[in-house]
Amino acid sequence: MQPMILYEDSFLLCVIKPSGMPAQPDKTGDMDILTFLQQKEKSNAIGLIHRLDRPVGGVMLFAKTKEAEGILSQMVQKKQIKKEYFAVVCGKANEKEKLEDYLLKNGRTNLSSVVDKNTKGAKKAVLSYDRKEVLEEGDCFLSLLKIELETGRHHQIRVQLSQRGLPIWGDQKYNTIQKMKKGTKIALWSYSLTFLHPKTGEILFIKAIPEGEPFSKFTNFM
């Protein structure tokens, strides 16, 4: 799958990042979406506004000028951009829940964990989810969750859900209950971004429905 532009004007870009593509250059040297867009637009001014883990696909926001990058980055810091995700988790999730934890990133292992709030370096992590569907497969359940992310911590959604016994389907870092086939992709998708255009004041709602297994087992993506 190639990156797909969903919205573009002289100020910003909203793009689908394919699962497995880095958000920015990393030590692998694989093509990343930031470099891809800089080459496509023939502009080094394209700026990364937020990140997605490499395995995670979906909607991302980029600036087209340095001025736009500064304004959009401030909007992220002020929580003026609403971020929603879809995830398929192993287990029967509650219908609605708000999760609040303190997370600590281990720089050596590149993993995060839930810790006591007084732990040095711990950062508060908050998300809310609605359960959209539940399927029974053999002796286990799968739940489709629509998630609103209130903070943007390292591996936040993956860590908080696995801590509740609801690891994300295909997550090779935090899912210890699923036997995964080679090439299994994580069932976590950046579904939508909603925000006021910083120049025009227009409400932008940019979305992309996830496709492929296991999302294809579900129908309720409203």
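As the structure is a computational prediction, the values presented were derived from the model and not from experiment. (Residues numbered from 1 in each chain as written. Predicted model: local features only at pLDDT ≥ 70, side-chain atom pairs only at ≥ 80, totals over all residues. Heavy atoms only, no water.)

**Q** How do you make sense of unusual backbone geometry when you look at a structure like this?
**A** The phi torsion of most residues other than glycine is negative, and most of the peptide bonds are trans. Following glutamate 213, the chain continues to proline 214 via a peptide bond in cis, the omega torsion being 5°. Looking at the secondary structure, you find proline 214 in the segment after β11 (203-207). Although it is not a glycine, histidine 155 adopts a positive phi angle of roughly 55°. Position of histidine 155 among the secondary structure elements: in the loop between β9 (140-149) and α3 (156-163). (Helix = DSSP H or I, 4+ residues; strand = E, 2+ residues; numbered from the N terminus.)

**Q** What's the story with the nonpolar core in this structure? I'm lost.
**A** Here is a general trend for soluble globular proteins: nonpolar side chains tend to be buried in one another's company. Judged by nonpolar contacts, the single largest core of 58 residues is most densely connected at Phe62 and Leu161. In terms of residue count, strand β5 (residues 82-90) provides more of this core than any other element does, six residues in total. (Core = buried A, V, L, I, M, F, W, Y, C linked by side-chain atoms within 4.5 Å. Buried < 20%, exposed > 50% of the residue type's maximum accessible area, 1.4 Å probe, protein only.)

**Q** It is not clear to me how the pattern of salt bridges should be interpreted in this structure. Could you clarify?
**A** When charged atoms on two side chains of opposite charge get close, those side chains can pair. Considering all chains together, one arrives at 16 salt bridges under this definition. Salt-bridge contacts for glutamate 41 lead to lysine 64; the nearest nitrogen and oxygen are separated by 3.6 Å. Of this pair, glutamate 41 sits in helix α1 (residues 33-41) while lysine 64 sits in the loop between β4 (57-63) and α2 (66-77), placing them 23 residues apart in sequence. We classify lysine 64 as buried; its relative accessible area is 18%. Glutamate 69 serves as the salt-bridge partner of lysine 66, at 3.6 Å between the closest nitrogen and oxygen. Remark: glutamate 69 and lysine 66 occur in helix α2; sequence separation between them is three residues, near one turn of the helix. Judged by its relative accessible area of 58%, lysine 66 falls in the exposed class. Taken together, the shared-partner salt bridges connect Glu8, Glu41 and Lys64 into one network. (Salt bridge = Lys/Arg side-chain N within 4 Å of Asp/Glu carboxyl O.)

**Q** Sorry if this is basic, but what is going on with α2 here?
**A** Each turn of an α-helix holds 3.6 residues, which means side chains three or four residues apart point in the same direction. In this model, α2 (12 residues) spans 17 Å end to end at C-alpha, consistent with the 16 Å of a helix rising 1.5 Å per residue. Of the surrounding elements, those touching the buried residues of α2 are β2 (12-17), β4 and β10 (188-196). At the exit of α2 stands lysine 79, carrying a positive phi of roughly 60°. (Expected span 1.5 Å × (residues − 1). Contact = heavy atoms within 4.5 Å.)

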